[in-house]
Amino acid sequence: MGSANILALLPLLFIAGTSIVVMLGIAIKRNHALAAGLTIAGLTAAFLSIFAAAPHAPLQVTSLLLIDRYALFYIGLIIASSAAVAAFSYQYFENHDSQREELYLLLLIATLGCAVLVASSHFVSFVLGLEILSVSLYAMIAYFTDREVALEAGIKYLILASASAAFLLFGMALIYADAGTMEFSRIRELSVSGPGLALLVPGIALTVTGIGFKLGVVPFHLWTPDVYEGAPVPVAAFVATASKSAMVALLLRYFYISGTLQYRAVFLVFSIIAIASMCAGNLLALQQKNVKRILAYSSIAHFGYILVAFLAGGTIAMGAVSFYLVAYTVTILVAFGIVTSLSGSEHDAGDLEDYRGLFWRKPLLAGAFTAALFSLAGIPATMGFLGKFYVLAAGADAAAWPLIIILVVTSVAGLFYYLRIVVTLYSAPPESTAPLQLVSRTSAFILVVLTFLLVGFGVYPSPLLNLIRATMEGLN
């Protein structure tokens, strides 16, 4: 492997190297602060190494990985999300007596799996990245073995993920049997210029099962609320951000490069999934009284919105998907960061009543949470508003009016459960309340930065939009 390949792979190498260092550190001496510090330092180095890898992009590293500006953009987003999760994890697990250091090792390995997914240009790297991510998540979700809800969530995720992986592999086998290749770009050439490929569309439909499961869209969403509720709060934040960002990046590259979205049957399947996700996610969230479950059902709806822009196709639509995903990631990190800060050693701050009168006790936390909820609802002056605006613009550009109408109607319905949380935040506090724990300086700093980005890019999005446009030019 030449020096150019090594430099292009630096972000992945730093993540893998950090996981080895953390593992050796745990074996020599258990120290929670050291494990967390090494993890954050390694992820920071991996993020900075993106600037060293960028001059060598685009570069095809073997037939498995394509390191281009598109991959580096999403790798940066994933690494930043993982670093924030690691910082939140330190405060969260410091309050627990269980073994804490292994969580950071699993987090690094899962981040590596996400990075491999983002750079995949071949079914083999697709499966490798997916399984590296999935196996890590099995342990992360069920990390608290003394909590029944955590074990239940871990078992559900394990069983459903295994079943979806079986469908995914069978779909890949059908595509390979018909097209004779596992490279995304070769599939496009054969589907355009070759004879009729009878097994291609069924194979694509089965691969959608695996992708849809990781995205948590309808009808593959049954694990989502249970995992969000049962997993440790930082783990739920990782699943909601880095894990799903990787799958969206793969979804765009796979269907954009392979050209398989041109088949009417594939387009119809994704349209049905998008409509069902927008409707079911918002309607089911209306019935919830647990904040983590509300965020879970909300995520189902939001990825239905993302699919609307995905179906629109074209460079504008791809840019809209990327902007919306960045906005969603920043917003969810703020929301889960606040849930983490309020969670104690006995139980997580999941119930809606845990947030009653938060403004009168922790006004800054309540203000940040309000900004996050407004962003999820699509209120102006937030990234979430601009994200929905660009999705609607992409849909209008493609004349996808039925999808746009459903998006608008369901978004209005979604306002109710977001505003219900906001009202609770500013209600009178209960007469007897336990004192809230102090927010660590690291968590407070990250929350301030994320909230600033949430509002700053909502008011002045040009720098982010320019970066995304340059990134989309690399999707070839």
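Residues numbered from 1 in each chain as written. Predicted model: local features only at pLDDT ≥ 70, side-chain atom pairs only at ≥ 80, totals over all residues. Heavy atoms only, no water.

Enquirer: Help me out: how do you make sense of the environment of F93 in this one?
Expert: The topology assignment puts F93 in helix α4 (residues 69-94). Sequence-wise, F93 and P234 are 141 residues apart; in three dimensions their C-alpha atoms are separated by 9.4 Å. Setting aside its immediate chain neighbours within four residues, F93 contacts H32, R100, L103, Y143, F144, P232 and P234. (Helix = DSSP H or I, 4+ residues; strand = E, 2+ residues; numbered from the N terminus. Contact = heavy atoms within 4.5 Å.)

Enquirer: Before we go on, may I ask you to explain helix α13 (residues 291-312) in this structure?
Expert: Think of an α-helix as 3.6 residues a turn; residues three or four steps apart then line up on the same face. Its 22 residues give α13 an end-to-end C-alpha distance of 32 Å, which sits within 8% of 32 Å, the value for a rise of 1.5 Å per residue. With a side-chain oxygen positioned 2.9 Å from the backbone nitrogen of K292, the residue opening α13 is N290. Just past α13, the residue G313 takes up positive phi, approximately 70°. (Expected span 1.5 Å × (residues − 1). Polar contact = N/O pair within 3.5 Å; in protein donor to acceptor, adjacent residues only side chain to side chain.)

Enquirer: When you look at the packing of aromatic side chains in this model, what are you seeing that I'm missing?
Expert: One pair of aromatic rings is described through two measures. These are the centre distance and the angle between the planes. On inspection of all chains with the given rule, the structure shows 29 aromatic pairs. Pairing F123 with Y254 gives two aromatic rings, centres 5.6 Å apart and planes at 70°, and the pair type is edge-to-face. In this pair, F123 sits in helix α6 (residues 123-141) while Y254 sits in helix α11 (residues 233-258), placing the two residues 131 residues apart along the sequence. By relative accessible area, which is 0% here, Y254 ends up buried. A network of ring pairs unites the aromatic residues F123, F126, F184, Y254, F255, F270 and F310 as a single cluster. (Phe/Tyr/Trp six-rings, centres within 6.5 Å; stacked < 30°, edge-to-face > 60°. Buried < 20%, exposed > 50% of the residue type's maximum accessible area, 1.4 Å probe, protein only.)

Enquirer: Could you clarify how one ought to interpret helix α5 (residues 101-119) in this entry?
Expert: Spanning 19 residues, α5 covers 28 Å between terminal C-alpha atoms, matching the ideal 27 Å at 1.5 Å per step. Across the 19 residues of α5, 17 count as buried, placing the element largely inside the fold.

Enquirer: Help me out: how do you make sense of the pattern of salt bridges in this one?
Expert: Inspection of every chain in the model, using the stated rule, returns 9 salt bridges. The shortest N-O distance in the salt bridge between R253 and D68 comes to 3.0 Å. Linking R253 in helix α11 with D68 in the loop between β2 (65-67) and α4, this pair joins segments that are 185 residues apart in sequence. Each of the two residues, R253 as well as D68, counts as buried. (Salt bridge = Lys/Arg side-chain N within 4 Å of Asp/Glu carboxyl O.)

In short, geometric facts, not functional conclusions.
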